[in-house]
Amino acid sequence: MKRSNMTMTIQDVAKLFRDYGIPIELKRLSDDIASGTYPFGRVVKTSPNGRRTFEIWRVDVEAFLRSKIPQ
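Here the focus is the packing of aromatic side chains. Scanning all chains against the criterion turns up six aromatic pairs. When the ring of Tyr38 is compared with that of Phe64, the centres are 5.5 Å apart and the planes differ by 85°; the resulting orientation is edge-to-face. Of the two residues, Tyr38 sits in the loop between helix 2 (26–35) and strand 1 (41–46) while Phe64 sits in helix 3 (residues 58–68), which places them 26 residues apart along the sequence. In this pair, the class of Tyr38 matches that of Phe64, namely buried. What links up through ring pairs into an aromatic cluster is the set Phe17, Tyr38, Phe40 and Phe64.

Dropping the structure here:
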């Protein structure tokens, strides 16, 4: 199954942040999305062992980053 270009994984988002010069660890990014600190994703499932599955829309991540770039 081909992955949609419309969504991103936690790893995709972390790489994009780093490409913009924002250092981020996967655990911190996951925790911050889950807590609502970052408004561009949400937890859709948590497994019994605590592993979280996220829904992250590319357009929302890109809009968030654009909103932080000085004009």
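Once that is clear, we can look at helix 2. All of the buried residues in helix 2 are Leu29, Ser30, Asp32 and Ile33. The buried residues of helix 2 occupy one face: seen down the axis, they fall within an arc of 165°. Facing away from the buried surface of helix 2 by more than 90 degrees, the exposed residues are Lys27 and Ser35. In the stretch just after helix 2, Gly36 is the one whose phi turns positive, near 95°.

Looking now at the pattern of salt bridges. Working definition: two side chains of opposite charge can pair if their charged atoms are close together. Tallying each qualifying case throughout the model produces five salt bridges. Here Arg28 and Asp32 are joined by a salt bridge, their closest N and O atoms 3.4 Å apart. Placement of both Arg28 and Asp32 in helix 2 is noted, with a separation of four residues, approximately one turn of the helix. You can call Arg28 partly exposed: its relative accessible area is 45%. Here Asp32 falls in the buried class, since its relative accessible area comes to 15%.

This part is about the pairing of strand 2 (residues 52–56). The pairing of strand 1 with strand 2 spans five bridges and is classified as antiparallel. Within strand 2, the residue paired with Thr46 across the bridge is Arg52. What sits between the antiparallel neighbours strand 1 and strand 2 is a turn of five residues, in which Gly50 has the positive phi angle 100°.

Rules of the game
- Residues numbered from 1 in each chain as written.
- Predicted model: local features only at pLDDT ≥ 70, side-chain atom pairs only at ≥ 80, totals over all residues.
- Heavy atoms only, no water.
- Phe/Tyr/Trp six-rings, centres within 6.5 Å; stacked < 30°, edge-to-face > 60°.
- Helix = DSSP H or I, 4+ residues; strand = E, 2+ residues; numbered from the N terminus.
- Buried < 20%, exposed > 50% of the residue type's maximum accessible area, 1.4 Å probe, protein only.
- Arc of directions from axis to C-beta.
- Salt bridge = Lys/Arg side-chain N within 4 Å of Asp/Glu carboxyl O.
- Pairing = 2+ DSSP bridges.

No statement about biological role is implied by the geometric values presented.
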